[in-house]
Amino acid sequence: MPTVDVHTHLYPPLYTSLLRSRTTVPYIFPSPTAGDRLVILPGEDTSSPTRGRPIAPSYHSISHKLSFMSRHGIDISVLSLANPWLDWLPPAEAGSVAREVNDDMDATCGQHPGKLFFFATLPLSASVEEIVAETRRVARLKYCRGVILGTSGLGNGLDDARLDGVWQALAEENLVVFLHPHYGLPGEVYGPRAGEYGHVLPLALGFPLETTIAVTRMLLSGVFERFERLQVLLAHSGGTLPFLAGRIESCILHDGHLSKEGKIEGRRKVWDVLRKNIYLDAVIYGEPGLKAAIDVSGSDRLMFGTDHPFFPPLGEDEDEEWLSVKLNSQAVQSALGGDKAHVEAVMGGNAVKILRLS
């Protein structure tokens, strides 16, 4: 059974050129002392010459991606544009840029048939009609297997009723939604000393909670009742959703406002959605978190990922083994007790079946 990486990012040349032309978040700037730096989070936008993070060739070079795959025994990668995708583009430009980026990704995958597939990017700052049109179009691209989506949606979150046409198109076209965080939590929640802690608080806590809140809003607004065929792959093993699913369900059942509004009876339970509409990647770096993911969605709905090119080795040598990959692989082995069939399914078999990677 092949090993498949469903959570692996790439900034293609067109996208990096756009970022280099900007001076506001997101942007790439040439630091006089630290080389090219990528600034994608508002909290990184300071006056420091080393703000952001170094943007190494692994961020945009397909040859580096293939070398990484070979080094870590990964047979197939499902590429996706990394955050913040196209959310920041002016509406008039979003549609054309999305088409160019998606066509470029499809062509890149076509140069390595059977080894690379991709999740397309939608022009979410454009009109709903334009977003739906691009959704229908990418479904016809040979190597497209879904779309990557942030939690902002059209700017008001994923419980926005204006997204219904997009959800419908995604469900009808059998495109998996890879839901990925970017915006995190308000910076003040991390306290006045947050700057002393690097990126740990926003990445370790902000991203998972952002995902959990976004999906809970989808649950509360009835998205999964209206679109029962919608399939969503959650990054980072669903954030804190597996651990908090029972609490979310209980809070819904005990909420007087929801009861008065008639929104409790007839709704789908959180557990039902997790087992029928939600897939989880295995990017959690530890056995306890992965066991929770398996418990709520089932090992048949879990798929291995690396989050490459983020979380590289801290040394200068990118050719060394990436600890982030090793931890995810070990977690799969230990959480499943070394059961060969189940391990092979999570490491690749599930993705081959779910994403049609034949």
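Up top is the structure these notes are about.
Residues numbered from 1 in each chain as written. Predicted model: local features only at pLDDT ≥ 70, side-chain atom pairs only at ≥ 80, totals over all residues. Heavy atoms only, no water.

Turning our eyes to something else, we now look at the overall build of the protein chain. Summing up its helical and strand segments, the protein chain has 13 helices and 11 strands in all. Expected size for 358 residues packed as a compact globule is a radius of gyration near 21 Å; at 20 Å, the protein chain falls within 12% of this value. Taken along the three principal axes of its C-alpha coordinates, the protein chain extends 60 × 50 × 50 Å. Burial analysis of the protein chain (358 residues in total) assigns 54% to the buried set. Sequence separation of at least 24 residues holds for 70% of the intrachain contacts in the protein chain that already meet a minimum separation of 6. If you sum the accessible surface of the protein chain, you get close to 15400 Å²; carbon and sulfur atoms cover 55% of it. (Helix = DSSP H or I, 4+ residues; strand = E, 2+ residues; numbered from the N terminus. Rg over C-alpha atoms; globule rule 2.2 N^0.38 Å. Buried < 20%, exposed > 50% of the residue type's maximum accessible area, 1.4 Å probe, protein only. Contact = heavy atoms within 4.5 Å. Areas by Shrake-Rupley, 256 points an atom, 1.4 Å probe, with all protein chains shown as cover.)

Our focus in this paragraph is the sheet that holds strand 2 (residues 27–31). An order of 2-3-4 is seen for the 3 strands of this open sheet, with the pairing classed as antiparallel. Of all the strands in the sheet, just strand 2 and strand 4 (53–54) have a single pairing partner and so form its edges. Both strand 3 (residues 35–39) and strand 4 contribute to a ladder of 2 bridges, which runs antiparallel. Of the residues in strand 4, the one forming a bridge with L38 is R53. Across the sheet, helix 1 (residues 13–20) is in contact with strand 2 and strand 3; its angle to strand 2 comes to roughly 70°. (Pairing = 2+ DSSP bridges. Axes fitted to C-alpha atoms, helices over the stretch in contact; angles between N-to-C directions.)

For the rest of this paragraph, the subject is the pattern of salt bridges. Under the counting rule described, the total for this entry stands at 16 salt bridges. Ionic contacts of the salt-bridge type, sharing partners, join the residues R136, R140, E172 and E173 into one network. (Salt bridge = Lys/Arg side-chain N within 4 Å of Asp/Glu carboxyl O.)

In total, this model carries 9 aromatic pairs according to the counting rule given. The interplanar angle of 5° and the centroid separation of 5.4 Å between the aromatic rings of Y11 and Y15 together place this pair among those described as stacked. The pair Y11 / Y15 is uniform in exposure class, with both members buried. Consider the rings of Y15 and W88, whose centres lie 6.1 Å apart with planes at 65°: the pair is edge-to-face. In this pair, Y15 sits in helix 1 while W88 sits in the loop between strand 5 (76–80) and helix 3 (91–110), placing the two residues 73 residues apart along the sequence. A residue is classified by how much of its surface remains accessible, and W88, at 18% relative accessible area, is buried. Here the aromatic cluster, defined as three or more aromatic residues joined through ring pairs, consists of Y11, Y15, Y59, W88 and F310. (Phe/Tyr/Trp six-rings, centres within 6.5 Å; stacked < 30°, edge-to-face > 60°.)

Within the fold, R37 resides in strand 3. Here R37 is buried and forms no salt bridge, its nearest opposite-charge partner E44 lying at an N-O distance of 8.2 Å. A distance of 3.1 Å separates the side chain of R37 from the backbone oxygen of R51, its partner in a polar contact. (Lys, Arg positive; Asp, Glu negative; His and termini not counted. Polar contact = N/O pair within 3.5 Å; in protein donor to acceptor, adjacent residues only side chain to side chain.)

Right, let's get into the packing of helix 3 against helix 4 (residues 128–138). Following both chains from N to C, one finds helix 3 and helix 4 inclined at 15°, their axes separated by 11 Å at the closest point. When the axis of helix 3 is compared with that of helix 4, the two are roughly parallel. For the crossing formed where helix 3 meets helix 4, the hand is right-handed. Across the interface between the two elements, G95, A98, R99, N102 and D103 from helix 3 touch E130, E134, R137 and V138 from helix 4. Broken down by class, the residue content of the contact of helix 3 with helix 4 amounts to 2 nonpolar, 2 polar and 5 charged. (Parallel < 35°, antiparallel > 145°, perpendicular 65-115°, else oblique. Left-handed = near helix turned anticlockwise from the far one by under 90°. Nonpolar A, V, L, I, M, F, W, Y, C, P; charged D, E, K, R; others polar.)

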